[in-house]
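Summary of the model geometry
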Amino acid sequence: MGEEGSGRSCGITRDLQKLKQQAMAYYQENDVPRRLEELLNSTFYLQPADVYGHLANYFSKLAKPPSICKVAGKIILDGLGLPTLQVEISCTIQNLPKYICSVVIPAHFEVPENAPPEVADAEETERHLAVSTALQWVSESMTEELWGLVPSNQAEVDHRLRLFFENKVQEDKERKELERSLEESVPVPPPVILPPPPPPPTKKKGQKPAIGPISFIHQPIKATHIQKDFPHHSTVGCKGRRDTLLEKPIIPPEPPEPILHGSMAIGAVSLAVAKTSASLASVPLYVNIASLKHGQEQPSVATLTMPLLMGSVLSCGKASPGKLNLMKEVICIPHPGLTTKQGIELLLEIQKQINRVIETLPPPKPETKKGHDGGKRGQQPITGKMSHLGCLTVNYDTIEQPLLLIQGICSNLGLELGMSLHLAINCAAHELMDYSKGKYEVMTGTYKSMAEMVDLYVDLINKYPAIIALIDPFRKEDSEQWDGIYAALASRCYIIAGAASRSISKLLEHRNTSTPKSHGLVINHTNQTTMSDLVEITHLLNGKKQLAVFGSTEAESSDDSLVDLAVGLGARFIKLGGLSRGERVTKYNRLLAIEEELIQSGTRGFSEEHNFSSFQEDAEKTPEATATMAEETLGPLDSIFPTEVVEESAKP
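Predicted model, so just to flag it, every value in this text is computed and none were measured.

1. As for the overall build of the protein chain
When helices and strands are tallied, the protein chain shows 19 helices and 16 strands. Among the 652 residues that make up the protein chain, the fraction classed as buried is 43%. Partitioning the contacts of the protein chain with sequence separation of at least 6, the portion at a separation of at least 24 is 70%. For the protein chain, the exposed surface amounts to about 36,200 Å²; the carbon and sulfur share of it is 56%.

Spelled out as structure tokens, the structure:
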């Protein structure tokens, strides 16, 4: 018994000794003894009030960086009650999984207004399929694709997302080829042979022949022939017809770029990872985005500028109840010397004045028995309703009406239109083309050819020089007209491509941002666009001296990440719609918060690109001179409402 007990104790001792050796090797390998010695010594000398808090802080700095452990998705509703995708990221932090953040990406679909029921139903079906497929991608694959990656490694994250998307594109291509081959393999039934028609009845004696279908061969009639054959007839009336014959036929619309169902998962996950990295580093998202654009260096003051506001105040587009179709959005751009806060206050005041004017407009006088009235026959009262763009949809009938309205409001507020405030027009020309006539329907019943549209825009800018930007004045197919309007107005007005631009993927693939010819592009973060893609497209635009306009989509969510992207990437303008509807106002609030952070940290810079140097006589001012001019004219940055400042400065 004694020998057996002695043997067992020796075995246990050997096992313990072996475990001790393994433990020592493990701790030595991870440098634990030295770290503990340093920590205990420093703790004794510091003698913090919270000893264990001090120890926890020390060890947390030695912990492995957080890594992605779960990517989850869910379908939520956007600002219009339509389905869209939300992505959530969780990370392993000190051996425990922890939820970090979520983002929502808007769908790329336009809002169908006054569309036929079958079109609206088809659009709804497409949207549901796109969002549900994106949810499936996120739920089934994204965790496996990104597991273990450090969120700060955005380049690797976007690389894996790109490979994943390319595989999905290839799978979709193979599926369609298989379906096509199966359709071709199905035997086609032989055509049904109809019996020959009965012979025509025999002609009776004295009967007139039956008159069959007569075909006419149309030959173009020249005005000279008319004058020759009919010398008493004038050829003046033939001029319009001759011009019509000489006009080039319109280019048919290009088929829309194919968008793979589920692609919005790529853009959403990329944004969610960038936001996760910012959250873990305790920095705002715009700082993280700026570091992506400028490498790992700390962004300089010059890059932390606030984008210039483009605030929609009126909508008189194709879907509006009035005759005017040309102005889907009438946009106000506050003076570049104003702060974002002052600019938003100015937009709010203009919007309030517009609402007041629309509400107080008298109805047209009723028609008398003799047919005399105070206005046009059948004239409808001017009314307004809030659109999904966050501004009033007003039933105006002429191009001048909305512009005269804003002119009057500026006059009442003591603002000089063209100095304190500029205008932009979103023409949305792709919605105006009547393909049966080959012309743009600028107003109900009023059609303009492509050449006439160039003249219309030139006349509009001549009459209203405060308009300094035209968005989508033509379809993307009308490249000659883009060249023409750029040549005519480039020195006085920004020509910007929105819907007329290619997708970011196509732009980066072809490295061409100059077709159609424009000053810049409206950039929307949708579909498979990653953070790396946004950085690359802004670099491409900067290299070609073109401007970037970060714009919200028609169906927005309450996610405000777009604002951080615009600030971090140094966008010239940000176009968020009007100051109504929660999903749009939340982005304006984010702009205010970012500006306040930049002012408090002393990193709010002024950009020379915002000076409108090509529109004003004092064009060659430096950024410092612009800031000085703004303070002298409009008061200090935290001044009262800018209209009052302008009025005070105008007093003797």
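Next comes the rest of the description.
2. Some remarks on the sheet that holds strand β11 (residues 446–448)
Spatially, β9-β10-β11 is the arrangement adopted by the three strands of the open sheet, whose pairing is antiparallel. Since the sheet does not close on itself, it has two edges, and those belong to β9 (433–434) and β11, each with one partner. With three bridges joining them, strand β10 (residues 439–443) and β11 adopt antiparallel strand pairing. Directly across from Glu441, in β11, lies its bridge partner Tyr447.

3. Overview of the pairing of strand β1 (residues 67–77)
Examined bridge by bridge, β1 and strand β2 (residues 83–93) share ten bridges and lie antiparallel to one another. Residue pairing across strands places Leu77 opposite Pro83, the latter belonging to β2. The turn linking β1 back onto β2 is made up of five residues, and Gly81 within it adopts a positive phi angle of 80°.

4. Here we look at the pairing of strand β5 (residues 327–334)
For β5, the tally of buried residues reaches eight of eight residues, placing the bulk of the element in the interior. Note: strand β4 (residues 308–316) against β5, four bridges, orientation antiparallel. Note that in β5 the partner of Cys316 across the bridge is Met327. With six bridges connecting them, β5 and strand β8 (residues 421–426) associate as antiparallel partners. Pairing of Pro334 across the sheet is with Leu421, part of β8.

5. Some points on the environment of Leu292
Following the sequence through the fold, Leu292 ends up in helix α9 (residues 285–293). On the basis of relative accessibility, which here comes to 22%, the residue Leu292 falls in the partly exposed class. Sequence spacing of Leu292 and Gly568 is 276 residues, and the spatial spacing of their C-alpha atoms is 8.8 Å. Discounting residues that sit within four places of it in the chain, Leu292 has contacts with Gln154, Met531 and Val535.

6. Here we look at helix α12 (residues 450–463)
Taking 1.5 Å as the rise per residue, α12 with 14 residues should run 20 Å; its terminal C-alpha atoms sit 20 Å apart, in good agreement. In this structure, the buried side of α12 is in contact with α11 (400–413), β10, β11, β12 (467–471) and α13 (479–489).

7. Points about the pattern of salt bridges
Under the defined criterion, the tally for this structure stands at 26 salt bridges. Salt-bridge contacts for Asp78 lead to Arg127; the nearest nitrogen and oxygen are separated by 3.9 Å. Of the two residues, Asp78 sits in the loop between β1 and β2 while Arg127 sits in helix α4 (residues 117–146), which places them 49 residues apart along the sequence. Summarising the burial analysis for this pair, Asp78 and Arg127 share the class buried. Salt-bridge contacts for Glu329 lead to Lys575; the nearest nitrogen and oxygen are separated by 2.9 Å. In this pair, Glu329 is assigned in strand β5 and Lys575 in strand β16 (residues 573–577), connecting sequence segments 246 residues apart. In terms of burial, Glu329 and Lys575 fall into one category: buried.

8. So, the side chain of Asp472
Residue placement: Asp472 occurs in the loop between β12 and α13. Within the structure, the side chain of Asp472 is placed 2.7 Å from the backbone nitrogen of Ala499, a separation counted as a polar contact. Once you skip the residues sitting within four places of it in the chain, Asp472 turns out to touch Asn426, Cys427, Ala428, Ala429, His430, Trp482, Ile496, Ala497, Gly498, Ala499 and Ala500.

9. Notes on the nonpolar core
Val87, Leu326, Tyr457 and Leu470 are the most contacted members of the largest nonpolar core, which has 124 residues in total. Residues in contact with Leu326, not counting those within four places in the same chain, are Cys316, Ile399, Ile425, Asn426, Cys427, Leu432, Val442, Met453, Leu456 and Tyr457. Within the second largest apolar cluster, 14 residues are counted, among which are Ala469, Ile471, Val522 and Val549.

10. Here we look at the sheet that holds β1
Spatial strand order, β1-β2-β3: three strands in an open sheet with antiparallel pairing. Pairing within the sheet leaves two strands with one partner each, and these edge strands are β1 and β3 (96–105). Geometrically, the sheet is characterised by an average inter-axis angle of 20° between neighbouring strands, direction not taken into account. Bridge count for β2 against β3 is nine bridges, and the pairing is antiparallel. Bridge assignment links Ile93 to a residue of β3, and that residue is Leu96.

11. Regarding the packing of α9 against helix α16 (residues 561–568)
Put simply, α9 and α16 touch, their axes get as near as 8 Å, and they point 40° apart. Relative to α16, the element α9 is oriented oblique. Two packed elements cross with a definite hand, and for α9 against α16 that hand is right-handed. The segment α9 lies against α16, with Leu285, Tyr286, Ile289, Ala290 and Lys293 engaging Ser561, Asp564, Leu565, Val567 and Gly568. Broken down by class, the residue content of the contact of α9 with α16 amounts to six nonpolar, two polar and two charged.

12. Regarding the packing of α9 against helix α15 (residues 531–543)
Relative orientation of the contacting elements α9 and α15 amounts to 60°, with a least axis distance of 10 Å. The orientation of α9 relative to α15 falls into the category oblique. Our pair here, α9 against α15, has a crossing hand that is right-handed. Along the contact surface, α9 presents Ile289, Leu292 and Lys293, while α15 presents Met531, Val535, Thr538, His539 and Asn542. Residues of the contact of α9 with α15, tallied by class, amount to four nonpolar, three polar and one charged.

13. Quick word on the side chain of Thr513
In this structure, Thr513 sits in the loop between α14 (504–510) and β14 (520–523). Judged by relative accessible area, Thr513 falls into the buried class, the value being 1%. Of note is the side chain of Thr513, whose polar atom sits 2.4 Å from the side chain of Gln546.

14. Focus on unusual backbone geometry
Put simply, Thr515 and Pro516 share a cis peptide bond, and its omega is 0°. In this structure, Gln47 takes a positive phi of about 45° despite not being glycine. In the Ramachandran plot, Gln94 falls in the positive-phi region, its phi being about 50° despite a non-glycine side chain. Mapped onto the secondary structure, Gln94 falls in the loop between β2 and β3.

Calculation notes
- Residues numbered from 1 in each chain as written.
- Predicted model: local features only at pLDDT ≥ 70, side-chain atom pairs only at ≥ 80, totals over all residues.
- Heavy atoms only, no water.
- Helix = DSSP H or I, 4+ residues; strand = E, 2+ residues; numbered from the N terminus.
- Buried < 20%, exposed > 50% of the residue type's maximum accessible area, 1.4 Å probe, protein only.
- Contact = heavy atoms within 4.5 Å.
- Areas by Shrake-Rupley, 256 points an atom, 1.4 Å probe, with all protein chains shown as cover.
- Pairing = 2+ DSSP bridges.
- Expected span 1.5 Å × (residues − 1).
- Salt bridge = Lys/Arg side-chain N within 4 Å of Asp/Glu carboxyl O.
- Polar contact = N/O pair within 3.5 Å; in protein donor to acceptor, adjacent residues only side chain to side chain.
- Core = buried A, V, L, I, M, F, W, Y, C linked by side-chain atoms within 4.5 Å.
- Axes fitted to C-alpha atoms, helices over the stretch in contact; angles between N-to-C directions.
- Parallel < 35°, antiparallel > 145°, perpendicular 65-115°, else oblique.
- Left-handed = near helix turned anticlockwise from the far one by under 90°.
- Nonpolar A, V, L, I, M, F, W, Y, C, P; charged D, E, K, R; others polar.

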